[in-house]
Amino acid sequence: QGQLVESGGGLVQAGGSLRLSCAASGLSFSMYAMGWFRQAPGKEREFVGAITRSGGSTYAADSVKGRFTISRDNAKNTVFLQMDSLKPEDTAVYYCAASRQIYSGTFYYRDYANTNEYEYWGQGTQVTVSS
């Protein structure tokens with residue numbers, strides 16, 4: 001079955017940058033849209049951003065728009081989350097997820113932001129931003 005493994009998390013000062021990677025295996029990577037979510041203690045898992053199968057379009061939550069950039073390298077079966085201008089409120093466990101999008105229809109932001117749309121999830125990587 002498919003497996004996703006995140007890496008790149010760690011401790012960084014506010015205003016700093018960090019790049020997360022998510023390596024996929026056991027699935028046809030280019031057939032999946034990829035999403036990033038995060039979850040802080042006591043909070044629900046929230047949408048961070050997503051990228052379409054070909055990488056032609058990206059979606060980002062308002063809280064990170066302009067600061068985070070999602071990209072993918074289908075040849076390497078990897079999706080990235082470049083995080084710049086980090087804030088303490090960005091502290092969370094970050095998860096990558098894969099969405100096959102097997103149902104017909106047009107997918108909008110709300111679909112990419114829906115955790116139920118994703119079949120595979122990584123174990124998460126901790127990002128801590130100090131003030």
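Look above for the structure.
Residues numbered from 1 in each chain as written. Predicted model: local features only at pLDDT ≥ 70, side-chain atom pairs only at ≥ 80, totals over all residues. Heavy atoms only, no water.

Examining the overall build of the protein chain
Summing up its helical and strand segments, the protein chain has one helix and 11 strands in all. Along the protein chain, from the amino end to the carboxyl end, the secondary structure elements read β-β-β-β-β-β-β-β-β-α-β-β. For 131 residues, the compact-globule estimate of 2.2 N^0.38 gives 14 Å, and the C-alpha radius of gyration of the protein chain, at 14 Å, lies within 12% of that figure. Across its three principal axes, the protein chain shows a C-alpha extent of roughly 45 × 30 × 25 Å. The buried share of the protein chain, taken over its 131 residues, is 43%. Counting only contacts in the protein chain whose residues sit at least 6 apart along the sequence, the fraction spanning at least 24 positions is 62%. As presented, the protein chain carries roughly 6,800 Å² of accessible surface, and 44% of it is formed by carbon and sulfur atoms. Once the 12 positive and 11 negative side-chain charges of the protein chain are each reduced to a mean point, those two points are 3 Å apart. (Helix = DSSP H or I, 4+ residues; strand = E, 2+ residues; numbered from the N terminus. Rg over C-alpha atoms; globule rule 2.2 N^0.38 Å. Buried < 20%, exposed > 50% of the residue type's maximum accessible area, 1.4 Å probe, protein only. Contact = heavy atoms within 4.5 Å. Areas by Shrake-Rupley, 256 points an atom, 1.4 Å probe, with all protein chains shown as cover. Lys, Arg positive; Asp, Glu negative; His and termini not counted. Charge placed at Lys NZ, Arg CZ, Asp CG, Glu CD.)

With respect to unusual backbone geometry
Non-glycine residue Asn77 carries a positive phi angle of around 50 degrees. Even without a glycine there, the phi angle at Ser85 is positive, about 50 degrees. Mapped onto the elements, Ser85 comes out in the loop between strand 8 (78-83) and strand 9 (92-99). With a relative accessible area of 41%, Ser85 lands in the partly exposed category.

Quick look at the sheet that holds strand 3 (residues 18-25)
As summarised here, the arrangement of the four strands in space is 1-3-8-7, forming an open sheet in which the pairing is antiparallel. Pairing within the sheet leaves two strands with one partner each, and these edge strands are strand 1 (3-7) and strand 7 (68-73). Across this sheet, the average inter-strand angle for adjacent strands is 15 degrees, counted without regard to direction. As judged from the six bridges shared by strand 7 and strand 8, these two strands associate in the antiparallel manner. (Pairing = 2+ DSSP bridges. Axes fitted to C-alpha atoms, helices over the stretch in contact; angles between N-to-C directions.)

Considerations on the side chain of Asp90
Here Asp90 lies in the loop between strand 8 and strand 9. Engagement of the side chain of Asp90 in a polar contact is seen with the side chain of Arg67, the distance being 2.8 Å. Residues in contact with Asp90, not counting those within four places in the same chain, are Arg38, Val64, Arg67, Phe68, Ser85, Val127 and Val129. (Polar contact = N/O pair within 3.5 Å; in protein donor to acceptor, adjacent residues only side chain to side chain.)

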